[in-house]
Amino acid sequence: NAGVTQTPKFQVLKTGQSMTLQCAQDMNHNSMYWYRQDPGMGLRLIYYSASEGTTDKGEVPNGYNVSRLNKREFSLRLESAAPSQTSVYFCASSEVLGGQGGIYGYTFGSGTRLTVV
Amino acid sequence: GENVEQHPSTLSVQEGDSAVIKCTYSDSASNYFPWYKQELGKRPQLIIDIRSNVGEKKDQRIAVTLNKTAKHFSLHITETQPEDSAVYFCAAKDRFQKLVFGTGTRLLVSP
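This structure is a prediction, so every number in the text was calculated from the model and none was measured.

## A look at the layout of surface pockets
- The space that makes up the largest pocket amounts to roughly 730 Å³.
- Taken together, 32 residues form the lining of the largest pocket, with Gln37(A), Gln38(B), Leu40(B), Gly41(B) and Arg106(B) sitting closest to its centre.
- Broken down by secondary-structure element, the contributors of at least two residues to the lining of the largest pocket are strand E9 (87-94) and strand E13 (112-116) of chain A together with strand E9 (86-93) and strand E11 (105-110) of chain B.
- The element best represented in the lining of the largest pocket is E11(B), accounting for four residues.
- Residue classes in the lining of the largest pocket are distributed as 11 nonpolar, 15 polar and six charged.

So, in structure tokens, the structure goes:
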């Protein structure tokens, strides 16, 4: 049981290059998320997917696209990388409990440290 | 939407002292408040959470309190140890079932 797996762990891109960050979870969770973490700014939501087949914008979606490929996988794509996208990216998943339960705490992947030069 | 503020941004204590981190939230509909610990270079990990139908929850040296009326919640760590040194994040679940995070508190416990 690996939890949430992210690849790659490190990446350096040149401005204007594209790349896709991969995320997969094996906990049968319905909801998946992409966050970016910058010093002093906490974790900011880029996109999320409440369930297979749906995606929605978060707080900072500009410059990113996502694909919920199936229940397990949720990818994040940078079409034309910019230095402002230098950050640590975390994927997370959670289960939604019924009734008043709401979501359970997220499980995070190990992160991708992206540098755009 | 939901907004979460966290204070202080840094906290230095001596080993054995208590540490308190405070957060406020804006959406009265929020009903789930987790706390995460992130060690250097690692992923955030859930350490404790509380739902709005309780006012306090404890787990060994860690406790969380919630004041729904004032819309604030706090993390209390007693008998701090050097291994408690990390960045701590509070979060609140918004009405769309997403977590909104505070900006983090860097806790340093000196031996």
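## Focus on unusual backbone geometry
- With an omega dihedral of -5 degrees, the bond running from Thr7(A) to Pro8(A) counts as a cis peptide bond.
- Note on placement: Pro8(A) falls in the loop between strand E1 (4-7) and strand E2 (10-13).
- In this structure, Pro8(B) follows His7(B) across a cis peptide bond, with omega equal to -5 degrees.
- Here Pro8(B) shows up in the loop between strand E1 (4-7) and strand E2 (10-14).
- Residue Gln60(B) is not a glycine yet carries a positive backbone phi of 60 degrees.
- Within the secondary structure layout, Gln60(B) lies in the loop between strand E6 (56-59) and strand E7 (62-67).

## So, the packing of aromatic side chains
All names here are of chain B.
- Under the definition given, this model contains 17 aromatic pairs over all chains.
- Note on Tyr-25 and Phe-33: the rings are 4.7 Å apart at their centroids and 45 degrees apart in plane angle, and the pair reads as tilted. In this pair, the class of Tyr-25 matches that of Phe-33, namely buried.

About the thresholds
- Every chain begins its residue count from 1, and numbering advances along the sequence as written.
- To read the labels, note that chains go from A and ligands from 1, taken in the order they are written.
- Only residues with pLDDT of 70 or above have their local features reported here, since the model is predicted, and side-chain atom pairs are shown and tallied only from 80 upward, although totals for entire chains, interfaces and linings are computed over all residues.
- The side-chain values count all of the structure's non-hydrogen atoms but skip hydrogen atoms and water molecules.
- For cavity detection a 1 Å grid was placed over the protein atoms alone, and a set of points counts as a cavity when a 1.4 Å probe fits there but cannot get out; an open set counts as a pocket when protein lies on both sides within 12 Å along at least five of seven lines, with lining residues being those that have an atom within 4 Å of a point.
- Grid points are joined across faces, edges and corners, and a volume is the space filled by probe spheres set on the points.
- Each helix is a run of DSSP H or I of at least 4 residues and each strand a run of E of at least 2, with the numbering of both proceeding from the N terminus.
- In this count, Pro and Cys sit with the nonpolar residues alongside Ala, Val, Leu, Ile, Met, Phe, Trp and Tyr, while Asp, Glu, Lys and Arg are called charged and the others, Gly among them, polar.
- Planes of paired rings set the category: under 30 degrees apart is stacked, over 60 is edge-to-face and the rest tilted, where pairs are Phe, Tyr or Trp rings (Trp by its six-membered ring) whose centres lie within 6.5 Å.
- Relative accessible area decides the class of each residue, using a 1.4 Å probe on protein chains only: under 20% of the type maximum gives buried, over 50% gives exposed, and in between gives partly exposed.

Honestly, it's all geometry; don't read function into it.
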